[in-house]
Amino acid sequence: QCVDGRYRAEVVAKPVQEYAWDDGITHWIGVSANPTDFHGGAYTLIQVHAPNEPTGSTCDFAGNAFSLTPSLRGGEMYYELDVILNGGRSTGTGAGSNQTLNVWSEPMVENTWVDFVMGFTLSTQGKGYFYFFRNGQLVYSKTGVTNVNSKDSCGVVIPSGLRAHNGPHIGIYGPPCGSAAWET
């Protein structure tokens, strides 16, 4: 479906599975992908989505804890993993736009299944961690991180009732409507 000028296909847990900050609980998410005829970037395959600010707010809560995305580099498709390692204040708009660093990537092989598993806890106090497995092998891990943005884009601390990421979102976001490879 073309939404806000980009294609979007998304699966979201219902009811929403929230991941509270600073609770010390380890959460696990897994997803398998088998890309076929994938010749352009998109925003994400899986993400632990940032909290949503109240409707009408002028201050943004943006900042996915992590995102696994497809990326086009030099004509070749890659998987890329972006993680917040040193969060704090939201710096912009859009869930994937804040303090995330690309920490892992590899070429995407079409018509080949690949399994990804992520284990994490979210922390505003440098006690967070993140483990990333590809086909059963640990390929990235980091402990002692502040992996959330606890202040909105106006610098205000996010209220206690909203201090949780709003769960896993799996899907394809993008490319711009009218520009997809299947449309040409």
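### Section: the packing of aromatic side chains
Applying the stated rule across the entire model yields eleven aromatic pairs. Between Tyr 19 and Phe 120, the ring centres sit 5.1 Å apart and the planes meet at 85°, which makes this aromatic pair edge-to-face. With Tyr 19 in strand 3 (residues 19-20) and Phe 120 in strand 9 (residues 114-121), the pair connects residues that are 101 residues apart, well separated along the chain. This pair shows no difference in class: Tyr 19 is buried, exactly as Phe 120 is. Each residue in the set Tyr 19, Phe 66, Tyr 79, Trp 104, Phe 116, Phe 120, Phe 130, Phe 132 and Tyr 140 is aromatic and connected to the rest through ring pairs, giving one cluster. Above the plane of the ring of Tyr 78 lies Arg 73, whose end atom (NZ or CZ) is 4.0 Å from the centre.

### Quick word on the sheet that holds strand 4 (residues 27-33)
Sheets are built from strands that pair by backbone hydrogen bonding, the pairs being arranged parallel or antiparallel. Overall, antiparallel pairing links the four strands, which are arranged 4-9-10-11 in an open sheet. If you trace the sheet from one side to the other, it starts and ends with strand 4 and strand 11 (137-145), each paired once. Averaged over all neighbouring strand pairs, the angle between strand axes comes to 10°, with direction disregarded. Sheet topology places strand 10 (residues 128-134) next to strand 11; seven bridges connect them, and they run antiparallel. Note that in strand 11 the partner of Phe 133 across the bridge is Leu 138.

### With respect to the state of the cysteines
For the structure on display, the rule yields one disulfide. One disulfide in the model links Cys 59 with Cys 154; its S-S distance is 1.9 Å. The disulfide joining Cys 59 to Cys 154 has a torsion of about -90° about its S-S bond and is therefore left-handed. Placement of the pair is Cys 59 in the loop between strand 5 (46-48) and strand 6 (66-73) and Cys 154 in the loop between strand 11 and strand 12 (164-165), with a sequence separation of 95 residues.

### Describing the environment of Leu 85
Structurally, the position occupied by Leu 85 is in the loop between strand 7 (76-84) and strand 8 (100-107). On a C-alpha basis, the gap between Leu 85 and Val 103 in space is 9.7 Å, while along the polypeptide they are 18 residues apart.

### A few points about the side chain of Asn 166
Examined against the element boundaries, Asn 166 turns out to sit in the loop between strand 12 and strand 13 (168-176). Here His 169 takes part through its side chain, which lies 3.3 Å from a polar atom of the side chain of Asn 166. Apart from residues no more than four positions distant in its own chain, Asn 166 is found in contact with Val 16, Gln 17, Glu 18, His 49, Ala 50 and Asn 52.

Thresholds applied
Residues numbered from 1 in each chain as written. Predicted model: local features only at pLDDT ≥ 70, side-chain atom pairs only at ≥ 80, totals over all residues. Heavy atoms only, no water. Phe/Tyr/Trp six-rings, centres within 6.5 Å; stacked < 30°, edge-to-face > 60°. Helix = DSSP H or I, 4+ residues; strand = E, 2+ residues; numbered from the N terminus. Buried < 20%, exposed > 50% of the residue type's maximum accessible area, 1.4 Å probe, protein only. Lys NZ or Arg CZ within 6 Å of the ring centre and 35° of its normal. Pairing = 2+ DSSP bridges. Axes fitted to C-alpha atoms, helices over the stretch in contact; angles between N-to-C directions. Disulfide = S-S within 2.5 Å. Polar contact = N/O pair within 3.5 Å; in protein donor to acceptor, adjacent residues only side chain to side chain. Contact = heavy atoms within 4.5 Å.

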